[in-house]
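Chain by chain, the residues run as shown.
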Amino acid sequence: MGKRKLDALGISAFCESMAMMLQAGIQTEEAVQLLRQEKEQPGPLEQALALVQGELEQGGSLSGALEKTGIFPAYACKMVAAGESSGRLEDVLFRLSRYYAGQKTMSEKLRNAVTYPAAMLVLIIVVLVLMLTMVLPAFTQVYNRLTGSLAHSAYSYIQWAYGFCWAALGVMVLLAAALLIGLTLWNSKKRPLIEGLLYKIPVTRDILQELGMYRFTCALATFLASGEVQDIAVMESLKMTECQPVEEKVKKCILRMEEGHSIAQSAFEEQLFQPVYGRMLLAGERSGSLEPVLWRLAELLEEQCGARTDRLVGVVDPLLSGVLLVTVGISLLSVMLPLLGIMNSIG
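So, a few notes on the structure that sits alongside this text. These figures come from a predicted structure and were not determined experimentally. (Residues numbered from 1 in each chain as written. Predicted model: local features only at pLDDT ≥ 70, side-chain atom pairs only at ≥ 80, totals over all residues. Heavy atoms only, no water.)

A look at the overall build of the protein chain
Now for step 1: Regarding its fold elements, the protein chain presents 15 helices and zero strands.
Now for step 2: In the protein chain, buried positions account for 40% of the 347 residues.
Now for step 3: Accessible area for the protein chain stands at about 18300 Å²; split by element, carbon and sulfur atoms hold 61% of it. (Helix = DSSP H or I, 4+ residues; strand = E, 2+ residues; numbered from the N terminus. Buried < 20%, exposed > 50% of the residue type's maximum accessible area, 1.4 Å probe, protein only. Areas by Shrake-Rupley, 256 points an atom, 1.4 Å probe, with all protein chains shown as cover.)

Listed below in structure tokens is the structure:
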């Protein structure tokens, strides 16, 4: 069986389906059997479900069976185990479904934020290459035949077009190479290096911090839904942030909690959330509705992160389009000016 992890959408669908069947009174083993799809060549999920069903039939736990499949992330297995031990498995599965659905949405937004500029860079490079290999040489051949009647000063405009296109092409190739190298390092062990560079840019720093806060808030709400105590829930949620500045703030909150403060009070004093969100958390804790408030904060953080990402794409899009239009426009103007010289000499 392949050990490739199930994607966020698949985990979300599995957890939601299991939760709904458990809510309907179906036993765990029977629910897994119903999820299986009998095929001549079953896919990784069907093979994993067959293994899960076998483990359950032998008296094993759902969390242990999911872990043995190798395709479910450790976080999901740990949360299912917490739900089983606290008797809140159905609740936890619904929360996990919501958590991974949100992760999928955020991943798609971030992927689109990178994909569109990358596509624009490729388009600009292709256009510039065509200008340098086809359009400008065609005009040059025509003007070379007319150099006897064309003023050298007018003919020199086409040399400007060559220089401008080569300069623009060099910049675009460097940007494309930087983007490719950045994506490669992001998916490797060198990811902290790229994060360090992105933290120096205000726009990307805000996006990464809000994304880290979103992951932490979702994980904390899910742990609390499993019946975990606040101290352990916060420490376990810390592992999900994947953002150094957020981790540092959470660690300060943990130190305050060790002194006897609650998570809401600690978060408010350490300004883990924005002041208005910190007050929401305090009110939720005092009213006994901390978990719903955390999910509401997660939704707000998701919306903010998505809005910032859209604004970033909204800035990069017209900027790259403008570079393309200006480059092509100046190049075409440069090759047309000698034509005006020819017309004037004929006239």
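Structural notes on unusual backbone geometry
Now for step 1: Despite not being glycine, Q271 has its phi angle at roughly 55 degrees, a positive value.
Now for step 2: Residue placement: Q271 occurs in the loop between α13 (263–269) and α14 (275–286).

Observations concerning empty space enclosed by the protein
Now for step 1: In this structure the tally under the stated criterion is one cavity of 30 Å³ or more.
Now for step 2: Lining the largest cavity, in full, are W186, R191, E195, Y199, L208, L211, G212, R215, T241, E242 and C243.
Now for step 3: Elements represented by at least two residues in the lining of the largest cavity include exactly α9 (191–199) and α10 (202–225).
Now for step 4: The element that contributes the greatest number of residues to the lining of the largest cavity is α10, accounting for four residues.
Now for step 5: Partitioning the lining of the largest cavity into residue classes produces five nonpolar, two polar and four charged. (1 Å grid on protein atoms, 1.4 Å probe; cavity = no way out; pocket = protein on both sides within 12 Å on 5 of 7 lines; lining within 4 Å. Points joined across faces, edges and corners; volume = space filled by probe spheres on them. Nonpolar A, V, L, I, M, F, W, Y, C, P; charged D, E, K, R; others polar.)

Some words on the environment of E55
Now for step 1: Counting through the fold element by element, E55 comes out in helix α3 (residues 44–57).
Now for step 2: The spacing of E55 and E29 is 26 residues in sequence and 9.2 Å in space, taken between C-alpha atoms.
Now for step 3: When neighbours within four sequence positions are excluded, E55 is seen to be in contact with G60, A65 and K68.
Now for step 4: Reaching out from E55, the side chain makes a polar contact with the side chain of K68 at a distance of 3.2 Å. (Contact = heavy atoms within 4.5 Å. Polar contact = N/O pair within 3.5 Å; in protein donor to acceptor, adjacent residues only side chain to side chain.)

Things to note about the packing of helix α1 (residues 8–23) against helix α2 (residues 28–35)
Now for step 1: The interhelical angle for the contact between α1 and α2, taken along N-to-C directions, is 130 degrees, at an axis separation of 10 Å. For the element pair α1 / α2, the angle class is oblique. Read as a crossing pair, α1 and α2 show a hand that is right-handed. Residue-level contacts link F14, S17, M18, M21 and L22 of α1 to T28, A31, V32, L34 and L35 of α2. (Axes fitted to C-alpha atoms, helices over the stretch in contact; angles between N-to-C directions. Parallel < 35°, antiparallel > 145°, perpendicular 65-115°, else oblique. Left-handed = near helix turned anticlockwise from the far one by under 90°.)

Concerning a nonpolar patch on the surface
Now for step 1: Where nonpolar side chains cluster on the molecular surface, the patch consists of V122, V126, L130 and M134 and spans about 350 Å² of accessible area.
Now for step 2: Checked against the element boundaries, V126 lands in helix α6 (residues 89–145).
Now for step 3: On the accessibility criterion, V126 (41% relative accessible area) is partly exposed. (Patch = residues over 30% accessible without salt bridge, like charges linked within 9 Å, V, L, I, M, F, W, Y side chains within 5 Å. Salt bridge = Lys/Arg side-chain N within 4 Å of Asp/Glu carboxyl O.)

Some points on the layout of surface pockets
Now for step 1: Computed from the structure, the largest pocket encloses a volume of approximately 2000 Å³.
Now for step 2: As for the largest pocket, its lining consists of 50 residues, of which L110, R111, V114, L183 and W186 are closest to the centre.
Now for step 3: Here the element with the most residues in the lining of the largest pocket is α6; it accounts for 12 residues.
Now for step 4: Split into classes, the residues belonging to the lining of the largest pocket amount to 35 nonpolar, six polar and nine charged.
Now for step 5: Every residue lining the second largest pocket is counted, 15 residues in all, and those nearest its centre are Q209, E210, M213, L272 and Q274.
Now for step 6: At the level of elements, α10, α12 (244–258) and α15 (290–346) are the ones that each hand at least two residues to the lining of the second largest pocket.
Now for step 7: Take the lining of the second largest pocket: its biggest share by element is four residues, from α10.
Now for step 8: For the lining of the second largest pocket, the class distribution of residues is seven nonpolar, four polar and four charged.

Here's the deal with the packing of aromatic side chains
How two aromatic rings sit relative to each other is set out by the distance from centre to centre and by the angle between their planes.
Now for step 1: In the structure shown here, the tally under the stated rule is five aromatic pairs.
Now for step 2: Geometrically, the ring pair formed by Y99 and Y100 is edge-to-face, given 5.0 Å between the ring centres and 80 degrees between the ring planes. Like Y99, the residue Y100 is buried in the burial classification.
Now for step 3: Here a set of aromatic residues connected by ring pairs shows up, and it is made of Y75, Y99, Y100 and F223. (Phe/Tyr/Trp six-rings, centres within 6.5 Å; stacked < 30°, edge-to-face > 60°.)

Notes on α10
Now for step 1: With 24 residues, α10 extends 34 Å between its outermost C-alpha atoms, agreeing within 8% with the 34 Å of an ideal straight helix rising 1.5 Å per residue.
Now for step 2: Where burial is concerned, most of α10 is hidden: 19 out of the 24 residues are buried.
Now for step 3: G227 lies just past α10 and shows a positive phi near 90 degrees. (Expected span 1.5 Å × (residues − 1).)

Topic: the nonpolar core
Now for step 1: Membership of the largest hydrophobic core comes to 71 residues, with the highest contact counts inside it found for Y75, F273 and L281.
Now for step 2: Looking at this core element by element, the count peaks at 12 residues for α10.
Now for step 3: Beyond its immediate stretch of four places on either side in the chain, Y75 contacts L96, Y99, Y100, C218, A219, T222, F223 and M240.
Now for step 4: Of all hydrophobic cores here, the second largest spans 17 residues; its members include L121, L128, M131 and M172. (Core = buried A, V, L, I, M, F, W, Y, C linked by side-chain atoms within 4.5 Å.)

These figures come from the coordinates and say nothing about function on their own.
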